Amino acid sequence: MIEGSKTESIMNRKLRMGMVGGGPGAFIGEVHRKAARMDGMIELVAGAFDIDPQKSREMGHQQNLNPDRVYDTFQDMVEKEKALSENERIDFVSITTPNNWHFPIAKAFLEAGFHVICEKPMTMDVKEARALKEIVKKTGRVFSLQHNYTGYPMVKQARDMVKNGMLGKVQKIVVEYPQDWLLTRIEATGQMQAAWRTDPKQAGAGGCLGDIGTHAENLAHYITGLEIEELCADLTSFVEGRPLDDDVNILLHYNNGARGVLHSSQISTGQENNLNIRVWGTEGALQWFQENPNYLYYFQQGKPVQIYRRGNDYLCDAAKRATRIPPGHPEAFLEAFSNIYKNATDTMRAKIAGKEPSELELDFPTVDDGLEGMLFIETAVASSKSDKKWTKMLK
Ligand code: NAD
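Reading the values: the criteria
Residues numbered from 1 in each chain as written. Predicted model: local features only at pLDDT ≥ 70, side-chain atom pairs only at ≥ 80, totals over all residues. Heavy atoms only, no water. Helix = DSSP H or I, 4+ residues; strand = E, 2+ residues; numbered from the N terminus. Buried < 20%, exposed > 50% of the residue type's maximum accessible area, 1.4 Å probe, protein only. Contact = heavy atoms within 4.5 Å. Pairing = 2+ DSSP bridges. Axes fitted to C-alpha atoms, helices over the stretch in contact; angles between N-to-C directions. Arc of directions from axis to C-beta. Near = heavy atom within 4 Å. Polar contact = N/O pair within 3.5 Å; in protein donor to acceptor, adjacent residues only side chain to side chain. Areas by Shrake-Rupley, 256 points an atom, 1.4 Å probe, with all protein chains shown as cover. Nonpolar A, V, L, I, M, F, W, Y, C, P; charged D, E, K, R; others polar.

Description of the environment of F109
Moving on, step 1. Summarising the element assignment, F109 is placed in helix α5 (residues 102-111).
Moving on, step 2. With relative accessibility at 0%, the residue F109 sits in the buried group.
Moving on, step 3. For F109 and F74, which are 35 residues apart along the polypeptide, the C-alpha to C-alpha distance reads 8.9 Å.
Moving on, step 4. Setting aside anything within four residues of it in sequence, one finds F109 in contact with V20, F74, M77, V78, I90, V93, F114 and V116.

Let's talk about the sheet that holds strand β3 (residues 92-96)
Sheet strands pair via backbone hydrogen bonds, and the direction of the pair is either parallel or antiparallel.
Moving on, step 1. Strand order across the open sheet formed by five strands is β2-β1-β3-β4-β5, with parallel pairing between neighbours. In this open sheet, the two edge strands, each paired with only one partner strand, are β2 (42-48) and β5 (143-145). In this sheet, adjacent strand axes meet at a mean angle of 20 degrees when their direction is disregarded.
Moving on, step 2. Bridge analysis of β3 against strand β4 (residues 115-118) gives four bridges, and the strand direction is parallel.

Observations concerning the side chain of T97
Moving on, step 1. Assignment of secondary structure puts T97 in the loop between β3 and α5.
Moving on, step 2. Excluding residues within four positions of it along the chain, T97 makes contact with V20, G21, H102 and I105.

Section: α5
Moving on, step 1. Within the sequence span of α5, burial applies to H102, F103, I105, A106, F109 and L110. Projected down its long axis, α5 shows its buried positions confined to an angular sector of 165 degrees, all on one face.
Moving on, step 2. Its buried side turned inward, α5 meets β1 (15-21), α4 (74-83), β3, β4, α6 (126-139) and β5.

Quick look at the site of the ligand
Moving on, step 1. Inspection of the region around the ligand gives 28 residues, with I28, N99, K120, N148 and Q193 positioned closest.
Moving on, step 2. Between D50 and the ligand, the recorded distance is 2.9 Å, taken from a side-chain N or O atom to an oxygen atom.
Moving on, step 3. In the model, an oxygen atom of the ligand is placed 3.0 Å from a nitrogen or oxygen of the R197 side chain.
Moving on, step 4. If the ligand stood free it would expose 860 Å²; the protein chains cover 94% of that surface.
Moving on, step 5. Counting residues per element, the ones that place at least two in the shell around the ligand are β1, α8 (192-197) and α10 (208-224).
Moving on, step 6. Examining the composition of the shell around the ligand, we find that four residues originate from one element, α8, more than from any other.
Moving on, step 7. Considered class by class, the residues forming the shell around the ligand number twelve nonpolar, eleven polar and five charged.

As for the sheet that holds strand β6 (residues 170-178)
Moving on, step 1. On the basis of which strands lie adjacent, the open sheet formed by nine strands has the order β13-β12-β11-β10-β6-β9-β8-β7-β14 and mixed pairing. Each edge of the sheet is formed by a strand with only one pairing partner; in this case those strands are β13 (306-309) and β14 (391-392).
Moving on, step 2. Pairing of β6 with strand β10 (residues 276-281), which is carried by six bridges, proceeds in the antiparallel orientation. Looking across to β10, one finds that V174 is bridged to R278.
Moving on, step 3. Against the sheet, α10 makes contact with β6, β7 (228-236), β8 (247-254), β9 (259-265), β10 and β11 (285-289), and its axis sits at roughly 145 degrees relative to β9, the strand it touches most.
Moving on, step 4. Against the sheet, helix α13 (residues 367-385) contacts β7, β8, β9 and β14, and its axis sits at roughly 60 degrees relative to β7.

Have a look at this one:
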């Protein structure tokens, strides 16, 4: 319904964004709003921002939205937006609710003809993920998953260096994502972000595993292109009374014979958002730390270390496209978030205009990454419960 003869105008106008989630006090919704605005090509025009309709209206007011476009529920939003004229209705929706809502909301908007940007983990389980993949295929809409760490320029550079053979054959990957904010049972105090993340009915089968373990899994896959063949997982819930894991240790076998270690934790005292990855190949090695994201380290045995730095001409096209300011002025989380928005919405524009998106525009996480993440969660949970431990990755 959105496609049509609007080639000229779609290239020159802002895309109209709607949002579900991101009410007052929410974490990631505001990050999405800032990231979407960054390049001046997206405008927030509608939303069902909160599970509480009153708070949804509060956020709509804060965002200066037309009250007619602020809805009590996502169902109401789908129906009313669909009924608006083509020149008025949203082009896409961003889903920033807890995990249990991702599937029904994505399904409703896709089936109504809207493009979707969705938070991770994509769904509650593999069954929903497979169903969503089918819906994306059937509707032909753009679906982007917010694995934002793949939006960093130096991560794109790392991927390019692996692709171009600078590491030789990848033999070992160590990817870590430790935090400490769930060291105590803060969910019992009603802390909003902790409350749903530690509840299997809202978070799914993985706690720390689904929340940040999937980012680590996706980052390793994005950089190396490798698939996990089997894994051996040890998931622990250290905090008493917490039904989901808060610490994750996994050994990995990749499809080219490479070995991996993935560790994520939310009880590691002193760690803030220490996502980092090291990749070793037969000819060279790479190292990237999210808390110092403008620098990528490249090693060759017996040679001095080389440091690749954001913003320089020698970087690959994908890294340069993902950069807004000159070298030495740090870019980080918001910009990387915005890079996912840029590529996903440029792809939407191309689609609306009836054009083929370029390879650079198509560089964003998709429904396939989302399904892979859900397969990873279910395999790791099964492995952790089994006595046999080594478990083939679900396909
Ligand atoms: P949050 O608890 O801070 O906010 C959730 C918001 O969604 C609240 O405003 C709540 O009222 C609203 N909501 C819940 N159900 C709703 C519904 N049916 N309709 C409309 N609004 C509804 O949660 P958060 O920390 O912002 O996390 C939200 C999502 O983002 C989760 O899936 C999480 O995994 C993901 N996340 C991703 C990243 C990242 O780096 N990519 C970081 C944080 C969170």
